[in-house]
Structure formats: C-alpha cells, structure tokens
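# Structural overview
Listed here are the chains, written in short residue letters.
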Amino acid sequence: MSLEKVLAISGKPGLYELKAQTRGGFVAESLADGKKISVNVRHNVSMLSEIAMYTYTEEVPLRAVFEKIAAKENGKEAISHKESKAKLEEYFKEILPEYDEDRVYASDIKKVFQWYNILVNAGITDFSEPEAEAKEETSSEEE
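If you're wondering where the values come from, they're calculated on a predicted model, not measured in any experiment. (Residues numbered from 1 in each chain as written. Predicted model: local features only at pLDDT ≥ 70, side-chain atom pairs only at ≥ 80, totals over all residues. Heavy atoms only, no water.)

Between its first and last C-alpha atoms helix α1 (residues 62-73) spans 16 Å; for 12 residues at 1.5 Å apiece the expected length is 16 Å, and the two agree. Of all the residues in α1, the buried ones are Leu62, Arg63, Ala64, Val65, Phe66, Ile69 and Ala70. Directly after α1, the chain includes asparagine 74, whose backbone phi takes a positive value near 55°. (Helix = DSSP H or I, 4+ residues; strand = E, 2+ residues; numbered from the N terminus. Expected span 1.5 Å × (residues − 1). Buried < 20%, exposed > 50% of the residue type's maximum accessible area, 1.4 Å probe, protein only.)

A few words now on the packing of aromatic side chains. Summed over all chains, the structure comprises 6 aromatic pairs. Aromatic rings pair up to connect Tyr91, Phe92, Tyr99 and Phe113 into one cluster. Sitting over the ring of tyrosine 54, arginine 103 keeps its end group 3.9 Å from the ring centre. (Phe/Tyr/Trp six-rings, centres within 6.5 Å; stacked < 30°, edge-to-face > 60°. Lys NZ or Arg CZ within 6 Å of the ring centre and 35° of its normal.)

Time to look at the nonpolar core. Core analysis: the largest hydrophobic core is formed by 33 residues, its most contacted members being Leu48, Val65, Phe66, Ile69, Phe92 and Leu119. It is helix α3 (residues 106-121) that provides the largest number of residues to this core, a total of 8 residues. When sequence neighbours within four positions are dropped, the list of residues in contact with phenylalanine 92 reads Met53, Val65, Tyr99, Val104, Ile109, Val112 and Phe113. Of all hydrophobic cores here, the second largest spans 6 residues; its members include Ile9, Tyr16, Phe26 and Ala28. (Core = buried A, V, L, I, M, F, W, Y, C linked by side-chain atoms within 4.5 Å. Contact = heavy atoms within 4.5 Å.)

Burial along strand β1 (residues 6-9) is two-sided: the residues Val6 and Ala8 and Leu7 and Ile9 are all buried. Of the pairings in the sheet, the one linking β1 to strand β2 (residues 16-22) comprises 2 bridges and is antiparallel in character. Bridging from a neighbouring strand, leucine 7 pairs with tyrosine 16 of β2. Two successive antiparallel strands, β1 and β2, enclose a turn made up of 6 residues, where glycine 11 displays a positive phi of approximately 85°. Note that β1 and strand β5 (residues 45-47) share 3 bridges and pair antiparallel. Counted as the bridge partner of isoleucine 9 is valine 45 from β5. (Pairing = 2+ DSSP bridges.)

Before going further, it helps to examine the pairing of strand β4 (residues 36-40). The sheet contact formed by strand β3 (residues 25-30) and β4 spans 5 bridges and is antiparallel. Paired with glutamate 29 across the two strands is lysine 36, which belongs to β4. From the end of β3 to the start of β4, which pair antiparallel, there are 5 residues, and glycine 34 there has a positive phi angle of about 80°.

Moving on to the pattern of salt bridges. With the rule as written, the count across this model stands at 7 salt bridges. Here arginine 63 and glutamate 4 are joined by a salt bridge, their closest N and O atoms 2.8 Å apart. Residue arginine 63 is located in helix α1, and its partner glutamate 4 is located in the segment before β1; the two are separated by 59 residues in the primary sequence. Residue classification places arginine 63 among the buried positions, given a relative accessible area of 8%. Glutamate 101 is the salt-bridge partner of lysine 93, the closest N and O atoms lying 2.4 Å from each other. The partly exposed category is assigned to glutamate 101, whose relative accessible area is 43%. (Salt bridge = Lys/Arg side-chain N within 4 Å of Asp/Glu carboxyl O.)

Below you can see the structure in the form of structure tokens.
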C-alpha cells in the first residue's frame, strides 16, 4: 500500500487506510487495530502523500522524510513520539537538518515519528513515489 491511500483524520487518533467512497464521505480502516469507520465529508482529512515539511529552502514531502528515517533506522521503528521535546528535535535535526524551526512545531515532529512508527508496525515500509506519478513527471519533462 502506498501513502496515497493513508489518511490522517482530525479528531481521530492514528492513521487510516482509505477503503471505499460513499455518498456522504468514505469508509476508512484503522492501521492500528483494523476497525472500520465511516468518515463524513465535514471531517478535516489529510492524505499523507500531500503533506510536506518546511525547510529554509523548500517544502520536503513527508514521504522523503519517512525515507530518511527508514534509512537511519534500517526500516525499523524510530524514536518514540512520547520522548522529550528536546530529544525529538535533536533526532529530527539529524534526519532533516535544514528544517525551518519557526514553522515546524514540536507537535509536527511528534506526529512525524508517531505516523512513521504506525506505518512500520502496519508493514508499510516503501515510501517511494508510485511508478505512475514518476512516469507522468518524466513524460511532461520531455515535452
């Protein structure tokens, strides 16, 4: 499963996989316990593939941050999101040294590590871009 189907839903803990669309929203399944929930269109939902982290020069896609964490941890779990703010920021600085400290908050860093660990525990360790998107980008560059 790619990050295109992984969702973060405001007001709901953890991450969810998009399962099906309904008339008034969609059905999502928790990656933690497998429970299915119905999500209304009024919920604030973010796809992990659309999230990026601010740096001083550009926005780095979350998938690239996850790839860096996976490389550092050899695909295993990273530091717990329950560690102290100082430890989390120090670790994050090793992963993404140029992150914008004014726009990336401690709560954002906690979420990155929490989400990464949820994905690894769910068996999702391939954070690379899907082939279809990569091919589309290549063909548009050639034109």
